[in-house]
Amino acid sequence: MIREGTRTRVGLVIETGEPREVHHFSLLIGYGVGAINPYLAFETLDDMIGQGLLKNIDHKQACKNYAKAAVKGVVKVISKMGISTIQSYRGAQIFEAVGLHRSVVDKYFTWTASRIEGATLDVLAKETALRHRHAFPDRQVNGHTLDVGGQYQWRADGELHLFSPQTVHKLQHSVRTGNYNIFKEYTKLVDDQLKKVYTLRGLLDFKPATPVPIDEVEPVETILKRFKSGAMSYGSISKEAHETLAIAMNRIGGKSNTGEGGEDPERYKLEPNGDSKNSAIKQVASGRFGVTSLYLVNARELQIKMAQGAKPGEGGQLPGLKVNPAIAKTRNSTPGVGLISPPPHHDIYSIEDLAELIHDLKNSNHYARISVKLVAEVGVGTIAAGVAKAHADVVLISGYDGGTGASPQTSIKHAGIPWELGLAETHQTLVLNNLRSRIAVETDGQLKTGRDVIIAAMLGAEEFGFATAPLVALGCIMMRVCHLNTCPVGVATQDPKLRKNFTGDPAHAVNFMNFIAQEVREIMAQLGFRTINEMIGRTDRLEARKAVEHWKAQGLDFSKILYQPDAGAEVGRYCQITQDHGLDKSLDNTVLMDLCKPALLKKEKVTATVPIRNVNRVVGTIVGSEVTRRHGVEGLPEDTIKIHFKGSAGQSFGAFMPKGMTFTLEGDANDYLGKGLSGGKIILYPPEGSSFVAEENMIAGNVALYGATGGEVYIRGMAGERFGVRNSGVNTVVEAIGDHGCEYMTGGNVVVLGRTGRNFAAGMSGGIAYILDEAGDFATRCNRELVGLEKLIDADEIERIWKLIQRHQTYTKSERAAKVLANWESLVQKFVKVLPNDYKRVLEELKKAEKRGLSGDDAIMAAFEANIRDVARVGGG
């Protein structure tokens, strides 16, 4: 690339037969290519048409479709990295090489990270020659058809997979019969990687040591407490699989994880036999599905999912056909309507924002540990250090090779890196900065054996997550059709008929975890360790395998993974210090808890006026958590706790407030007003005597009502950007808002009595917004990809909106609302109703069901089934 100053003088066009997949195109563009001609892919399409493999299409259209799909894939990859334009992505080199020697990287991929060295140019040349010889052998057999390869799904003579039919059978047989000897046969198959190298840890050996008697090693019971199951949501896997895993983990004293799909409150009740279906870890992801005050107070650990190992940088998507009434209820959404999790948390754009969410969640349940899930990548150690300084209690380093078959194929194979690299970097960075002793480190990503756990501990982890292996123990056979709702064994499907095929039992997962812990003890005894804590970070007891037989692994260098930080004996190597979250200084604990005691203890009404400053963050959340803890999902009667605040509120005012709490703020509010509101009421208006025009001035910050699930909010004035993002149940009136309003909204009603910013309703799949569009130009600022715009014509609906605006005027004394009500007959015609297309279809089916005499859950189920049939008929879903 020739440059003069900062101006590019030469464009690069590449003509090659090699690129065929999205990752190939993404890589070439990322290293500076401006255009690609993948001629062999185009010729292959022509050959497929000639052989009749592609029907009813000509070559030109086939190539056009292929190029369109490739472009969409590249755009998806770019978006995962938070990049909006191809100009910013081209030449940015946002990659890490795994297994390339520095001599190759420096010459051809300059400045790209490559931490374990690896293949030289000679090795790459040899591999290219082997591939060519495979395609053009001296003697052709069987018509010389190339094999499928088995890159994504196991094939007998294809790419190697740790979970093969043999290992799946051995594991399931062992846990179902309780036979530890068969389990050892399974782990031998997995661990035996001398000739066929599957993982980085397979290339490491333990250094010889003096054994200790196994009786002196800490017991299975204490080791099990360090085990967790992976974050798989109810929705991505079936109710049966999700609950079975939760019961198993509770039986052993470990922790199961809800994933990002919320949790049915019925699971918080003990079963008659004493079992519990309550997942100890409640995940808080970007979609905030089902994140209510009740959900949060029933956790032992709250996990912020910054990214997912199998698909870092991506959000999630649950197709409408999987969103049955039970899942919709859990996620506070609409049956039959697909759900989208945005890629980022819209309240996290810096490490300070992450610290705020950690603080918010600690306020919502001060008994729970706060965990942050990160993906293994170059630089993750620096991020983990920030997480520790932000007062998280746990950091999880997630490897790239986990995830269900629902994860995109490009992400499964080409995003993220092995946990060994990310974990080693994290532990080293935390030790070097003397932060390791105040945060626990966890890792996950295809942990399958006791040996995996030992190596993870030696690289720096003290807690361990398992996901795929427990699912296999419960019956998963690795069909990789998790996204299609067709899982034949009832694990990753919501189809009632297929769910009947689920044969898993909590005892199977319990046996798996017990066997892992038992094997861990045996290896510890051989290595001379008596406790897990003794092993953490002991990379000096690991070494690179000397007799590596695989020709491509000869050049690997593990010195950076096995590096021991030069820190003194006073620096902790595992978590020993409890984080100070500063809750004792909060306004809730210093003022509000005492004021609200009569309401908490006796349900007596409480009213008070309290001054507030912008240093008072997360006001009301600790009190709200105590309301929920004592009075459950029903909370308190309306307006039992009425507090009038005067001043400027800090971030997250009224976050997660439950029913029965009413906060009036006379002043203004910072970002995240009403975050996760769970039934409470918030009233915000300018101070008495203010001279400015309320509807023309900002009174609430950005990202108000993020993930709110219920309640009422009335704002006299303007709110900032992303108002109502992921709102799933709040009814609110505001007088103007910034850009990206009602983004990803799934429920509730939003009334805006003035202008909105750009990109309104992006990703909106439920709920209804009503915009007073006096200028008549709202359509130009609305993202209409998923929504339609209508007039207000239904009399009942008009009356409901009128009453909502009237309540707003009563609570806030809004002059704008008074004007609208006074001129209702003329202004009602200028309201624009924003209605998501899928949501509209479901509402219409619900009306049909009610006309047939159905009601309640029966009507909802009938509407869901009819909607799914409609989607299937038009080929959507």
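Predicted model only: the values in this text are computed from it and were never measured.

### A look at the overall build of the protein chain
Here is step 1 of the chain: Counting its regular elements, the protein chain contains 29 helices and 31 strands.
Here is step 2 of the chain: Taken over the C-alpha trace, the protein chain has a radius of gyration of 29 Å; the compact-globule value for 877 residues is 29 Å, and the two agree within 12%.
Here is step 3 of the chain: Projecting the C-alpha coordinates of the protein chain onto the three principal axes gives extents of approximately 90 × 70 × 65 Å.
Here is step 4 of the chain: Counting every position in the protein chain, which comprises 877 residues, the buried fraction comes to 55%.
Here is step 5 of the chain: Considering only contacts in the protein chain between residues 6 or more positions apart, those separated by 24 or more positions represent 62%.
Here is step 6 of the chain: Total accessible area on the protein chain is roughly 37,900 Å²; 51% of this is exposed by carbon and sulfur atoms.
Here is step 7 of the chain: For the protein chain, the distance from the average position of its 105 positive side-chain charges to the average position of its 100 negative side-chain charges is 2 Å.

### A few points about unusual backbone geometry
Here is step 1 of the chain: Unlike most non-glycine residues, Lys 603 shows phi in positive territory, near 60 degrees.
Here is step 2 of the chain: Unusually for a residue other than glycine, Cys 742 sits at a positive phi of about 55 degrees.
Here is step 3 of the chain: Structurally, Cys 742 is set in the loop between strand 27 (736–737) and strand 28 (746–752).
Here is step 4 of the chain: The class for Cys 742 is buried, based on a relative accessible area of 0%.

### Quick word on the nonpolar core
Here is step 1 of the chain: In this structure, Phe 227 and Phe 512 are the most contacted members of the largest nonpolar core, which totals 111 residues.
Here is step 2 of the chain: With 12 residues, the single largest contributor to this core is helix 20 (residues 506–527).
Here is step 3 of the chain: Among residues more than four places away in sequence, those in contact with Phe 512 are Leu 171, Val 175, Phe 183, Lys 448, Phe 466, Ala 469, Pro 470 and Ala 473.

### A closer look at the layout of surface pockets
Unoccupied space between atoms shows up once a probe the size of one water molecule is rolled over them.
Here is step 1 of the chain: When its volume is computed, the second largest pocket comes out at roughly 790 Å³.
Here is step 2 of the chain: If you list the elements that add at least two residues to the lining of the second largest pocket, you get helix 12 (325–331), helix 19 (496–499), helix 28 (837–851) and helix 29 (856–874).
Here is step 3 of the chain: Of all the elements, helix 29 adds the most residues to the lining of the second largest pocket, at 8 residues.
Here is step 4 of the chain: Residue composition of the lining of the second largest pocket, grouped by class: 16 nonpolar, 5 polar and 6 charged.

Calculation criteria
Residues numbered from 1 in each chain as written. Predicted model: local features only at pLDDT ≥ 70, side-chain atom pairs only at ≥ 80, totals over all residues. Heavy atoms only, no water. Helix = DSSP H or I, 4+ residues; strand = E, 2+ residues; numbered from the N terminus. Rg over C-alpha atoms; globule rule 2.2 N^0.38 Å. Buried < 20%, exposed > 50% of the residue type's maximum accessible area, 1.4 Å probe, protein only. Contact = heavy atoms within 4.5 Å. Areas by Shrake-Rupley, 256 points an atom, 1.4 Å probe, with all protein chains shown as cover. Lys, Arg positive; Asp, Glu negative; His and termini not counted. Charge placed at Lys NZ, Arg CZ, Asp CG, Glu CD. Core = buried A, V, L, I, M, F, W, Y, C linked by side-chain atoms within 4.5 Å. 1 Å grid on protein atoms, 1.4 Å probe; cavity = no way out; pocket = protein on both sides within 12 Å on 5 of 7 lines; lining within 4 Å. Points joined across faces, edges and corners; volume = space filled by probe spheres on them. Nonpolar A, V, L, I, M, F, W, Y, C, P; charged D, E, K, R; others polar.

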